[in-house]
Amino acid sequence: MNSVNLVGRLTRDLDLRYTSSGKAVASFTLAVNRPFKNQNGEQEADFIRCQSWGKGAENLANFTHKGSQIGVSGNIRTGSYEKNGQKVYTTDVAVDHFDLLDSRSSNESNNVTQRKQNDPFSGSGKQIDVSPDDLPF
């Protein structure tokens, strides 16, 4: 059986790419806290490389950002490639399913902040004249 379930935070925004056939693939690293603290009382984490494919990859890229807490389920995939004449071995989690675990209010506040930054009328201090003929109703 090859099954993995992880809960952690994204170490950076996802790297979303598309294959030559147009299939989406998102690569990211998940920081997963260890269930114990070290001798100094500090929390340590493991950094797990993950990949998501297809619509799930696009959804992850659209709804998460650096620091987002997510849960992933998938399986471990190993591979290798040559770099400078040396064989490099890889271990990644192929994500089959994910859950967004940040509270809804923190996501909404991030969205409100982003909308305010993109709003051309916020904070300009200029009055906007609108006549009744400009209204669509």
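Note that this is a predicted model, so its numbers are computed, not measured.

Q: Before we move on, could you go through the pairing of strand 5 (residues 69-83) and cite the residues and values that matter?
A: Taken together, the six bridges between strand 1 (residues 4-10) and strand 5 define a ladder with antiparallel strand orientation. Looking at strand 5, one finds that R9 is bridged to Q69. The pairing of strand 5 with strand 6 (residues 86-100) spans 14 bridges and is antiparallel. Within strand 6, the residue paired with Y81 across the bridge is V88. The hairpin turn running from strand 5 into strand 6, its antiparallel successor, is two residues long, and N84 in that turn takes a positive phi close to 55°.

Q: Give a detailed account of the environment of F36, specifying residues and quantitative values.
A: The topology assignment puts F36 in strand 3 (residues 24-37). Residues in contact with F36, not counting those within four places in the same chain, are Q43 and E44.

The rules behind these values
Residues numbered from 1 in each chain as written. Predicted model: local features only at pLDDT ≥ 70, side-chain atom pairs only at ≥ 80, totals over all residues. Heavy atoms only, no water. Pairing = 2+ DSSP bridges. Helix = DSSP H or I, 4+ residues; strand = E, 2+ residues; numbered from the N terminus. Contact = heavy atoms within 4.5 Å.

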